[in-house]
Amino acid sequence: MAIESRLTIRIEEDIRSAFRSKVEAQGKTVTDVLLKFIKEYVETENSESGHDVAQIEQRVQRLESLVEECLGELVA
């Protein structure tokens, strides 16, 4: 079993409240969102190319969507 630890940060109250509200509106927890960010950040920093696989996949999906849109406009 992994040993867990806590991380405490100082943040302005208005930013904290806005962040918490947005996270809750998405049905997530603050911990889940921050852990995902930290893991992605660490993976990106540790990769040789400096690119995170998830980030590349997102970029490819966006490009595919743009190509489909352009093709749809050409056919119409």
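Residues numbered from 1 in each chain as written. Predicted model: local features only at pLDDT ≥ 70, side-chain atom pairs only at ≥ 80, totals over all residues. Heavy atoms only, no water.

A. Geometry of helix H1 (residues 13-25). Helix length check: H1, at 13 residues, gives a terminal C-alpha distance of 18 Å against a target of 18 Å (1.5 Å per residue), a fit within 8%. Within two residues after H1, glycine 27 carries a phi angle of roughly 75 degrees, on the positive side. (Helix = DSSP H or I, 4+ residues; strand = E, 2+ residues; numbered from the N terminus. Expected span 1.5 Å × (residues − 1).)

B. Representation of the confidence of the model for the protein in the model. Chain-level statistics for the protein give a pLDDT mean of 82 and a share of 84% at 70 or above. The secondary-structure element of the protein with the lowest mean pLDDT is helix H3 (residues 53-75), recorded at 81, while H1 shows the highest, at 90. (pLDDT = per-residue confidence, 0-100.)

C. The arrangement of the environment of phenylalanine 19 in detail. Take phenylalanine 19: it is sitting in helix H1. Given a relative accessible area of 30%, phenylalanine 19 falls into the partly exposed group. Sequence separation between phenylalanine 19 and valine 30 is 11 residues, and the spatial gap between their C-alpha atoms is 8.0 Å. Not counting residues up to four positions away in its chain, the partners in contact with phenylalanine 19 are Val30, Val33 and Leu34. (Buried < 20%, exposed > 50% of the residue type's maximum accessible area, 1.4 Å probe, protein only. Contact = heavy atoms within 4.5 Å.)

D. Examining the layout of surface pockets more closely. There is about 730 Å³ of room inside the largest pocket. Around the largest pocket sit 14 residues that line it, and Leu7, Thr8, Val30, Thr31 and Leu34 are the ones nearest its centre. Broken down by element, the lining of the largest pocket gets its largest block of residues, 5 residues, from helix H2 (residues 30-46). Of the residues belonging to the lining of the largest pocket, the class tally is 8 nonpolar, 3 polar and 3 charged. (1 Å grid on protein atoms, 1.4 Å probe; cavity = no way out; pocket = protein on both sides within 12 Å on 5 of 7 lines; lining within 4 Å. Points joined across faces, edges and corners; volume = space filled by probe spheres on them. Nonpolar A, V, L, I, M, F, W, Y, C, P; charged D, E, K, R; others polar.)

E. Structural view of the pattern of salt bridges. For the structure shown, the criterion picks out 3 salt bridges. Arginine 20 is the salt-bridge partner of glutamate 24, the closest N and O atoms lying 3.9 Å from each other. One end of the pair is glutamate 24 and the other is arginine 20, both in helix H1 and 4 residues apart, which spans about a single turn. Look at arginine 20 and you get partly exposed, because its relative accessible area is 35%. Residue lysine 36 pairs with glutamate 40 through a salt bridge whose shortest N-O separation is 3.5 Å. A residue pair is termed a helical-turn pair when its members lie 3 or 4 positions apart in one helix, as lysine 36 and glutamate 40 do in helix H2 at 4 residues. Given a relative accessible area of 29%, glutamate 40 falls into the partly exposed group. (Salt bridge = Lys/Arg side-chain N within 4 Å of Asp/Glu carboxyl O.)

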